[in-house]
Amino acid sequence: KDEKEGDARKSAGKDDANDEYSLAAKAKAKAHPRESLAAAAPATSFEEAENATVHAGLKHERAYLVTKRRQTVASFDATLRAMRREKADVEYELKVAEMKQLTLNRELIMLKKFEQKENELDGRLEESIQAHADLCNDIERREEELHL
């Protein structure tokens, strides 16, 4: 029983020492992020394996993030190209519509001028018809006067 208590105290003392070491190493790592924890104290084979595993995991995560970033950038660029193409198409359609509107406005102006001219000609025609009718009436009246 005494041995167990002594072992427990020793392991507790080790844990405290490891905790103090870990805290100091972590603080140093925070202060100098480029320095590894291995530089602070010699690493055991387990720690080296753990560091290698963490390093491999971080390397894999970095590769994944780089790939994801490239894919995101490529997707963004493709979407941007598509939007630019669509913008060019819309601008083209807008120019065609503007040109059609200008043509229609010119045709409307011409039609209004033609309508005005037609109204003037209709007025002159009416005057001519009236003048012709007056002349015909005048001729008939004079013929009647001659025959009487």
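Scroll up to find the structure.
One structure accompanies this document, and this report is about it. As the structure is a computational prediction, the values presented were derived from the model and not from experiment. (Residues numbered from 1 in each chain as written. Predicted model: local features only at pLDDT ≥ 70, side-chain atom pairs only at ≥ 80, totals over all residues. Heavy atoms only, no water.)

**Overview of the overall build of the chain**
The following threshold applies: Here a strand is any run of E in DSSP of at least two residues, a helix any run of H or I of at least four, and the numbering for each starts at the N terminus. Accessibility here uses a 1.4 Å probe with only protein chains present; expressed as a share of the type maximum, an area under 20% marks a residue as buried, one over 50% as exposed, and anything in between as partly exposed. Method for areas: the Shrake-Rupley scheme with a 1.4 Å probe, in which residue coverage is limited to the protein chains shown.
A count of helical and extended segments in the chain gives two helices and zero strands. The burial tally for the chain puts 2% of its 148 residues in the buried class. Working note: accessible area of the chain is about 14,100 Å², and carbon and sulfur atoms make up 57% of it.

**Points about the pattern of salt bridges**
The condition is simple: Definition used for salt bridges: Asp or Glu carboxyl oxygen within 4 Å of a side-chain nitrogen of Lys or Arg.
Counting across every chain of the model gives five salt bridges. Across the pair glutamate 91 and lysine 87 runs a salt bridge, and its minimum N-O distance is 3.6 Å. A residue pair is termed a helical-turn pair when its members lie 3 or 4 positions apart in one helix, as glutamate 91 and lysine 87 do in helix H2 (residues 45-147) at four residues. Of the residues examined, lysine 87 reaches a relative accessible area of 52% and is grouped as exposed.

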